[in-house]
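One-letter residues, chain by chain:
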Amino acid sequence: MRILGVGAGPGNLYFSILMKKAFPEAEIRLMERNSPDATFGWGVVFSDETLGHFEVADPESYARITEEFAYWTDIDNFHQDVCVRSTGHGFCGMSRKRLLQIFHARCEELGVAIEFERDVEDIDAVKADCDLLLGGDGVKSLIRDQYAETFQPSLDWRKCKFTWLGTDKPLEAFTFIFRANEAGLFQVHAYPFEPNLSTFIVECHEDVWKRAGLDQASEEETIAYFEALFADHLEGGYRLLGNKSIWRTFPTVRNACWHHENVVLLGDAAHTAHFSIGSGTKLAMEDAISLVEAFKVHGTDDVPKVLAAYEASRRLEEIKIQKAAQPSLEWFEHTARYMDQDPIQFTFNLMTRSKRITYDNLAVRDPEFIERVAANHAENLGITTTPPPAPMFTPFTAGNMELANRVVVSPMCMYSAVDGTPNDWHLVHLGALAVGGAGLVITEMTNVSAEGRITHGCAGIYSDENEAGWKRVVDFVHEQSAAKIGMQLGHAGRKASCNLPWEGDDPLRDDTAWTPLGPSATPFDADWPTPHEMSREDMDRVTAEYVEATQRAARAGFDMVELHMAHGYLLSTFISPLSNRRTDDYGGSLGNRARFPLEVLRAVREAWPAEKPVFVRISATDWLDDEGGLTIDESVELARMLKANGCAVVDVSTAGNVPESAPEYGRMYQVPFAERIRYEAEVPVMAVGAILGADHVNTIVAAGRADLCALARPHLINPHLTMQAAGRYFADDQPWPRQYLPARPKRKQEPPSFLERLGRQGPRIRHAPRRDA
């Protein structure tokens, strides 16, 4: 088998080593444009868990690599000139240049040919001259460009600039430094990799880079600038060092396909993940392992089959890594918004930015740090109990409604009402959720008119019977639990007149159907009925229905109401430009599109008791920015409008206005939208969307990403989720039903350690105290 590789980076080198071991008869040749000692950058970093793969794949190179490693377990974060240390994290690093030298030597031992200072001019000719062509030629891959029609690459060039410097200061931890000057905020990612040498990456927003004049600076001028800015961190005569340390912009590279006939992409040519969550070198080496394994399984006769198997084996891992890398990348793009956080909260926010590390996970790694996080969060709220409560069990107040904790039962349609009236199902369903300990329970979308229902089974509050049915539920919740209960008021708009989900979940097409309403006469989907475009008279009528429903909710005793302006229902479709095609005062600009929803909000706010809060749920994005959909930028402005018109809390969801929306699902996937609205619109927010339990709630609240967390499906699985968590975290002050007291965990005489409160065993790891930088 004849194998040619373009590029002699870690991916191609490591593949060549492993392939030559597995198939000694293979002829392998790599062509590299640079000389053997030419490499930019400084160190590369690995985590403990990745090393086992390399030891199994090639013990010889593994042994040489690990001899070079610098090991550390701590992360130091310098914020506001205070250092907070977290421990219990396993890292190792080494010189990138030395790593390549080890691979060069190993290739020579095994008979792999490397041709340095060799440019490839005719890629098609090279492809025709081999059985396998390796495209491991980096971010600016020529191989990828040549066959772009098949690979379908997308390169997302981001908003920050970075320079990969070194320093002769021997660091003892992975070190983050955040410092602002007159130009703006600079952030350092630094780590040791060999005696007396450490990587020192400086990153900043492109605007800051330009204001500082660094867009015009030479490498020497860049080094001098940062030696002055970080002089206190270089005390003792330490220097910053350059090595082709030009300013770069990080691109997130994705490809729809990684293989074309006998050509395959590896490493950065195929995919990238931001340096803040790991090493591109590691990813490239893991690609190499998977590609060789595919050859071992399928042989060398059918190369396209092997390449398809390789891609299938790696694709899920790539998705997971890029899902973790994207929020981390975006966190560093927007770090300036967090600079007012105190050092403890800021460090926790930093540590949990990718969602892979959470509150409970950190408690196992570094329990004393999490004790400090909980104590700091409580102190910031004026809570003095010992031990401090977990963040999810701190109170929250909106209007006169004080919640015992930050957990909210998200609205969930049950499709089980009769003529809009809730029945025993709703009593048992919502009653169990209230007894289960959540601070706030919100009803399903409760419609302000019969024509505003999605289905004939949807709940309403437009009749005396509806009102009485809801009062029965409210009375039970207030009498038998400490939970507050809110009503979500809505109108289905052009999504009305549908079958029940278990009977087709599509539009009614018989004589029980009715004509839906919308801002424009455009149906939700191709085979859906065309809605009636609302006139001014229709708006007045619907507003009056909202007011009457609000008054009924007040008489029923609800603690709050939430207006549903999300998910493609009536008010939401006015806001999204994809569903609102009007050319009058209620269409066009965001101010016009929001005009009718804001009229409804003002009317509801006026009809609702002044001391009680009004929440609003929005879809913060249509996930179709390039197609003219609603964007998060617009939703920040919308949140400001909602706040100005009496909204106490913005409940931040996404999508639902058009079927073409393609949300990027994952853990806590909508939290970044809530967080941005919280900071930029300066309004309390409720996060929702794949928040899977107490650990996620603690993580979100402690980091300051949201004020409340709404959970839907986790509560369907476990209505007592919050009560169970109260026992697990020994939240003694949380309400507990008298009938269930025999099951309440008993506290030891001495306050339990954090790990004991988690019900886990783990080492008590030494934690460095906060110290002045």
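Analysis parameters
- In every chain, residue numbers begin from 1 and rise along the written sequence.
- Local features in this predicted model are restricted to residues whose pLDDT is 70 or higher, and side-chain atom pairs enter the listing and the counts only when it is 80 or higher, whereas totals over whole chains, interfaces and linings include all residues.
- Just so you know, side-chain values use all the structure's heavy atoms and leave hydrogens and water out.
- Strands are labelled as partners when DSSP assigns at least two bridges between them.
- Numbering goes from the N terminus for both helices and strands, where a helix is a DSSP run of H or I of at least four residues and a strand is a run of E of at least two.
- Salt bridges are identified by distance alone: a Lys or Arg side-chain nitrogen within 4 Å of an Asp or Glu carboxyl oxygen.
- Relative accessibility thresholds used throughout: buried, under 20% of the residue-type maximum; exposed, over 50%; partly exposed, between the two (1.4 Å probe, protein chains only).
- Every axis corresponds to a line fitted to the C-alpha atoms, with the helix fit spanning only the stretch in contact, and the corresponding angles, defined between N-to-C directions, vary from 0 to 180 degrees.
- Roughly parallel means an angle under 35 degrees; roughly antiparallel, over 145; roughly perpendicular, 65 to 115; everything else is oblique.
- Less than a right angle of anticlockwise turn of the near helix away from the far helix marks a crossing as left-handed, whereas a clockwise turn marks it as right-handed.
- Note on definitions: a residue-residue contact is assigned when non-hydrogen atoms from the two residues lie within 4.5 Å.
- Under the grouping applied here, Gly and all other residues not named as nonpolar or charged are polar, the nonpolar ones being Ala, Val, Leu, Ile, Met, Phe, Trp, Tyr, Cys and Pro and the charged ones Asp, Glu, Lys and Arg.
- By disulfide we mean two sulfur atoms from cysteines, separated by a distance within 2.5 Å.
- Working definition: the arc comes from the directions between the helix axis and the C-beta atoms, pointing outward to the latter.
- Any residue with relative accessible area above 30% and no salt bridge may belong to a patch, with like charges joined within 9 Å and the nonpolar Val, Leu, Ile, Met, Phe, Trp and Tyr side chains within 5 Å.
- Residue-level accessible areas treat just the shown protein chains as cover; the underlying method is Shrake-Rupley with a 1.4 Å probe.
- For the purpose of counting charges, residues Lys and Arg are taken to be positive, whereas Asp and Glu are taken to be negative. His and the chain ends are not included.
- In plain terms, the charge of a residue is placed at NZ if it is Lys, CZ if Arg, CG if Asp and CD if Glu.
- Aromatic pairing here means that ring centres of Phe, Tyr or Trp (its six-membered ring) are within 6.5 Å. Orientation follows from the plane angle: under 30 degrees is stacked, over 60 is edge-to-face, and everything else is tilted.
- Two thresholds decide whether a charge sits over a ring: the Lys NZ or Arg CZ must be within 6 Å of the ring centre and within 35 degrees of the ring normal.
- Think of pLDDT as the predictor's per-residue confidence, scored from 0 to 100.
- Take the buried Ala, Val, Leu, Ile, Met, Phe, Trp, Tyr and Cys residues and link them wherever side-chain atoms come within 4.5 Å; each set so joined is a nonpolar core.
- Any N or O atom pair separated by 3.5 Å or less is treated as a polar contact, with the protein-specific requirement of one donor-capable and one acceptor-capable atom, and with residues adjacent in sequence counted only for side-chain atom pairs.

A. Fine view of the pairing of strand S10 (residues 153-167). Direction of pairing for S10 relative to strand S15 (residues 248-255): antiparallel, over a ladder of seven bridges. Within S15, the position partnered with phenylalanine 162 by the bridge is arginine 248. As paired elements, S10 and strand S13 (residues 197-205) share eight bridges and run antiparallel to each other. Counted as the bridge partner of tryptophan 164 is isoleucine 201 from S13.

B. Region of interest: the pattern of salt bridges. Considering all chains together, one arrives at 52 salt bridges under this definition. Between glutamate 60 and lysine 21 there is a salt bridge, and its shortest N-O distance comes to 3.8 Å. Of the two residues, glutamate 60 is situated in helix H3 (residues 59-68) and lysine 21 in helix H1 (residues 10-22); the sequence distance between them amounts to 39 residues. Glutamate 467 serves as the salt-bridge partner of arginine 552, at 2.8 Å between the closest nitrogen and oxygen. With arginine 552 in helix H17 (residues 536-556) and glutamate 467 in helix H16 (residues 464-480), the pair connects residues that are 85 residues apart, well separated along the chain. With relative accessibility at 7%, the residue arginine 552 sits in the buried group. Sharing partners across several salt bridges, the network here consists of Lys21, Asp58, Glu60, Arg64, Arg106 and Glu109.

C. Structural view of the packing of helix H12 (residues 343-351) against helix H14 (residues 367-380). Packing of H12 against H14 leaves a shortest axis separation of 9 Å and a crossing angle of 125°. Considering the angle they form, H12 stands oblique to H14. Our pair here, H12 against H14, has a crossing hand that is left-handed. Facing H12, whose interface residues are Ile344, Gln345, Thr347 and Phe348, H14 presents Phe369, Ile370, Arg372, Val373 and Asn376. Here the contact of H12 with H14 is composed, by residue class, of five nonpolar, three polar and one charged.

D. The sheet that holds strand S8 (residues 113-116), seen in detail. One open sheet accounts for six strands, arranged S8-S2-S1-S9-S17-S16; its pairing is mixed. Pairing within the sheet leaves two strands with one partner each, and these edge strands are S8 and strand S16 (259-260). Two strands pair when backbone bridges link them, and S16 and strand S17 (residues 263-265) are joined in this way by two bridges, in the antiparallel orientation. The residue bridging histidine 259 from the neighbouring strand is valine 264, located in S17.

E. Seen up close, the state of the cysteines. For the coordinates displayed, the defined rule picks out zero disulfides. The cysteine cysteine 498 is free of any disulfide, with cysteine 458 supplying the nearest cysteine sulfur at 8.9 Å.

F. Broad picture of the side chain of asparagine 376. Following the sequence through the fold, asparagine 376 ends up in helix H14. For asparagine 376, a relative accessible area of 11% gives the class buried. For asparagine 376, the residues in contact, after removing those within four places along its chain, are Asp342, Ile344 and Gln345.

G. Main features of helix H9 (residues 219-229). Buried residues of H9: Thr222, Ile223, Phe226 and Leu229, and no others. Viewed end-on, H9 has its buried residues packed into an arc of 130°, placing them on one side of the element. Counted as exposed and oriented over 90 degrees from the buried face of H9: Glu220 and Ala228. If you follow the buried residues of H9, they end up packed against S10, strand S11 (174-181), strand S12 (184-194), S13 and strand S14 (240-241).

H. A negative patch on the surface, seen in detail. A cluster of acidic residues, Asp119, Glu121, Asp122 and Asp124, forms a negative patch on the protein surface. Position of aspartate 124 relative to the elements: it lies in helix H5 (residues 123-128). On the basis of relative accessible area, aspartate 124 is assigned to the partly exposed category, the value being 41%.

I. Molecular detail of the packing of aromatic side chains. Taken as a whole and judged by the stated rule, the model has 39 aromatic pairs. Ring geometry for tyrosine 338 versus tyrosine 679: centroids 5.5 Å apart, planes at 90°, classification edge-to-face. Remark: tyrosine 679 occurs in helix H22 (residues 671-680) and tyrosine 338 occurs in the loop between helix H11 (303-333) and H12; sequence separation between them is 341 residues. Pairing phenylalanine 348 with tyrosine 359 gives two aromatic rings, centres 6.0 Å apart and planes at 75°, and the pair type is edge-to-face. With phenylalanine 348 in helix H12 and tyrosine 359 in helix H13 (residues 359-365), this pair connects stretches of sequence that are 11 residues apart. Across the pair, exposure class does not vary: phenylalanine 348 and tyrosine 359 are buried alike. What links up through ring pairs into an aromatic cluster is the set Trp72, Phe91, Phe174, Phe176, Phe178, Tyr191, Trp331, Phe332, Tyr338, Phe346 and Tyr679. For the cation-ring pair, lysine 495 lies above tyrosine 569, with the distance from its terminal atom to the ring centre recorded as 5.3 Å.

J. Representation of the confidence of the model for the protein chain. When pLDDT is averaged along the protein chain, the result is 94; 96% of the residues meet or exceed 70. Scored below 50 in pLDDT, residues 759-773 shows 41 contacts in the model against residues more than four places distant or in partner chains.

K. Region of interest: the nonpolar core. Counting residues in each nonpolar core, the largest one holds 131 residues, and the members touching the most others are Leu642 and Ile677. Setting aside residues no more than four positions away along its own chain, isoleucine 677 makes contact with Ile618, Ala620, Ile632, Ser635, Val636, Ala639, Val652, Glu682, Val683 and Val685. Counting residues in each nonpolar core, the second largest holds 59 residues, with Ile102, Ile123, Leu265 and Val292 among its members.

L. Summary view of the sheet that holds strand S3 (residues 43-47). The strand order across the open sheet formed by three strands is S3-S7-S4, and the pairing between neighbours is antiparallel. Looking at the sheet topology across the chains shown, the edges are occupied by S3 and strand S4 (70-72). Each adjacent strand pair in this sheet contributes to an overall mean axis angle of 25°, direction not counted. In this structure, S4 lies alongside strand S7 (residues 91-95), joined through three bridges in antiparallel fashion. Counted as the bridge partner of alanine 70 is glycine 93 from S7.

M. Quick look at the environment of arginine 106. In this structure, arginine 106 sits in helix H4 (residues 96-110). C-alpha of arginine 106 to C-alpha of alanine 450: the two residues are 344 residues apart in sequence and 75 Å apart in space. When neighbours within four sequence positions are excluded, arginine 106 is seen to be in contact with Ile17, Lys21, Asp58, Glu60, Ser61 and Arg64. One polar contact links arginine 106 to aspartate 58, side chain to side chain, over a distance of 3.0 Å. Here glutamate 109 takes part through its side chain, which lies 3.0 Å from a polar atom of the side chain of arginine 106.

N. Main features of unusual backbone geometry. Each neighbour pair has its own omega, and for threonine 386 with proline 387 the value is -10°, a cis peptide bond. Here proline 387 is to be found in the loop between H14 and strand S18 (396-398). Positive phi is not limited to glycine here, since glutamate 117 has a value of about 55°. Secondary-structure assignment places glutamate 117 in the loop between S8 and H5. The phi angle at methionine 668 is positive, at roughly 55°, despite the residue not being glycine. Relative to the helices and strands, methionine 668 resides in the loop between strand S27 (649-653) and H22.

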